[in-house]
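The primary structure of each chain is shown beneath.
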Amino acid sequence: MHGVGGDDGSNTNVLHLTRTISVKDGTPLAGPELEYNPVRDIPVLENGELVIRVKGESVRVPGQWVRDVCACPQCRNQHTAQRQINVFRGNISGVTIASANVSGWPQHITVKFQDGHETVVPASVIRNRKLHHGARQREGIVDVATWTSEIQEDPPTVEYADIKAGPGMASLLKTIRARGFAFVDNMPATPEATELFLQSIGPIRNTHYGAFYDFTSDLSSKDTAYTSEALELHTDNTYFTDPAGLQALHLLSHTDGTGGESCLVDGFAAAEQLYAQSKGAYLRLCDTGVYAHASGNDGVSIQPAQAYPTFTHSEQYKKLIQVRWNNADRAGVATRWKQLERWYDAAAKFDAILNDRRNQYWFQLKPGRMLLFDNWRVLHGRAAFTGKRRMCGGYINRDDFISRFRTTNYTREELEASTVTG
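Since the structure is predicted, the reported quantities are computational estimates derived from the model, not experimental observations.

(A) Spotlight on empty space enclosed by the protein. Under the definition given, this model contains two cavities of 30 Å³ or more. A volume near 170 Å³ is recorded for the largest cavity. Contributing to the lining of the largest cavity are 14 residues, with V290, R324, W325, N326 and R330 lying nearest its centre. For the lining of the largest cavity, the elements supplying multiple residues, two or more each, are β15 (289-292) and β16 (308-309). For the lining of the largest cavity, the element with the highest residue contribution is β15, accounting for three residues. When the residues that make up the lining of the largest cavity are grouped by side-chain class, the tally is eight nonpolar, four polar and two charged.

(B) Representation of the environment of C75 in the model. Note on placement: C75 falls in the loop between α1 (63-68) and β6 (97-101). Residue class for C75 comes out buried when judged on its relative accessible area of 2%. In this structure, the C-alpha to C-alpha distance between C75 and I85, residues ten residues apart in sequence, is 5.5 Å. Discounting chain neighbours no more than four positions away, the residues touching C75 are R67, C70, Q82, R83, Q84, I85 and H117.

(C) Seen up close, the sheet that holds strand β4 (residues 49-54). Across the sheet, which stays open at both edges, the three strands sit in the order β3-β4-β5 with antiparallel pairing between neighbours. Since the sheet does not close on itself, it has two edges, and those belong to β3 (44-46) and β5 (57-60), each with one partner. Each strand axis lies, on average, 50 degrees off the axis of its neighbour in the sheet, ignoring direction. Relative to β4, β3 runs antiparallel, the two sharing three bridges. Pairing of E46 across the sheet is with E49, part of β4.

(D) Seen up close, the sheet that holds strand β12 (residues 231-234). Overall, antiparallel pairing links the four strands, which are arranged β12-β22-β14-β20 in an open sheet. Two strands lie at the open edges of the sheet, namely β12 and β20 (360-363), each paired on one side alone. Within this sheet the neighbouring strands show an average axis-to-axis angle of 15 degrees, counted without direction. Note: β12 against strand β22 (residues 378-382), two bridges, orientation antiparallel. Considered in β22, the bridge of L231 is made with R382. Helix-sheet contacts for helix α7 (residues 267-277) involve β14 (262-266) and β22, and the interaxial angle to β14 is about 50 degrees.

(E) Structural view of the layout of surface pockets. Quantified by volume, the second largest pocket comes out at close to 500 Å³. Together, 24 residues line the second largest pocket, and A71, R76, Q78, E416 and A417 are the ones closest to its centre. At the level of elements, β8 (118-122), α2 (123-131) and α11 (412-417) are the ones that each hand at least two residues to the lining of the second largest pocket. Residue composition of the lining of the second largest pocket, by class: eleven nonpolar, eight polar and five charged.

Definitions and limits used
- Residues numbered from 1 in each chain as written.
- Predicted model: local features only at pLDDT ≥ 70, side-chain atom pairs only at ≥ 80, totals over all residues.
- Heavy atoms only, no water.
- 1 Å grid on protein atoms, 1.4 Å probe; cavity = no way out; pocket = protein on both sides within 12 Å on 5 of 7 lines; lining within 4 Å.
- Points joined across faces, edges and corners; volume = space filled by probe spheres on them.
- Helix = DSSP H or I, 4+ residues; strand = E, 2+ residues; numbered from the N terminus.
- Nonpolar A, V, L, I, M, F, W, Y, C, P; charged D, E, K, R; others polar.
- Buried < 20%, exposed > 50% of the residue type's maximum accessible area, 1.4 Å probe, protein only.
- Contact = heavy atoms within 4.5 Å.
- Pairing = 2+ DSSP bridges.
- Axes fitted to C-alpha atoms, helices over the stretch in contact; angles between N-to-C directions.

Right, here's the structure in full:
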């Protein structure tokens with residue numbers, strides 16, 4: 001794993017414990033969770049107010065928040081988990097705490113309001129808010145394992161039969177969250193099976209290319225992906241405000257020709273290497289927006305709502321969550337003239353890392369082995385080929401991808417704790 005030299009000359013790993021890149025004020029930040037002590041951090045009623053100790057200080061817990069997170073049938077729809085009260089309106093007594101019983105701690109506390117309503121607040125709701133654990137679950141954050149070309153020795157693979165049997169879906173999506181991609185082996189080499197499989201993850205995204213795609217190199221859509229030309233490493237949909245989160249590629253056949261090897265690069269690992277090589281270049285790609293476009297098809301001129309940077313970080317954790325890179329579809333660079341050359345220099349450094357063979361995983365797609373990868377993280381490319389290839393696949397929105405990951409990997413209690421609470 002590549003390290004990062006600190007200002008004091010030390011070798012500090014950018015990804016730290018969570019294996020995701022963090023930047024705050026130009027400094028790597030692991031985003032450690034706050035210390036939580038269930039014995040010390042006991043909610044109590046002081047001078048008629050519910051308080052909790054935070055770093056040795058008593059902090060008032062708003063009555064609005066307690067009523068807001070109430071999960072009783074009166075306050076929350078038991079079928080949809082939607083809130084049925086509005087703490088911004090109504091009688092003040094409904095959000096004014098009259099008493100609190102902490103005898104059930106550390107399992108829960110019971111709060112009674114002036115209007116007589118009683119709310120039981122699980123300790124996990126309070127704890128998750130303090131630790132931002134609920135936010136981790138909302139964002140589907142996992143411990144990320146970056147990789148280089150050595151991934152070819154043991155690429156992440158899940159058997160199609162295991163997924164169809166049920167439990168394999170959770171393993172597949174967790175693998176993709178952690179490693180950025182996975183193969184689904186020994187599946188039927190048909191478009192019908194591929195489409196049904198993708199639909200079992202989430203709705204297939206409809207774009208100007210259509211929804212589920214089944215194509216050959218006939219330029220039926222005006223994009224170089226529909227040719228036999230080589231494709232540079234890139235992420236898809238940089239011209240969309242919200243690029244697809246998950247992409248699938250399944251080669252159904254390749255006849256009368258050779259070539260067409262596929263290439264993957266871990267964008268997070270490449271970003272980490274860039275930070276190690278040039279902190280300034282990394283930060284330049286964090287704060288400079290870049291436009292992109294899709295303009296080949298008649299009646300289509302798509303650009304994102306605003307210029308987005310190459311690296312996007314979580315507002316909550318300051319960790320890298322998205323890489324957007326597509327040289328072919330790149331449009332304007334949203335920076336001043338005096339900064340433009342610096343952007344080109346930074347982009348050239350990143351491009352060189354992407355094209356370093358030590359970071360590239362080359363392989364041949366084949367019928368019955370579908371590739372699924374995180375389009376917010378993993379860049380893909382292709383060598384030129386001869387003959388006729390038939391490819392199918394599709395996009396799944398980021399939110400649908402993470403939703404399916406959450407519902408297959410989290411318990412019901414964990415899901416509830418990261419829904420309307422916080």
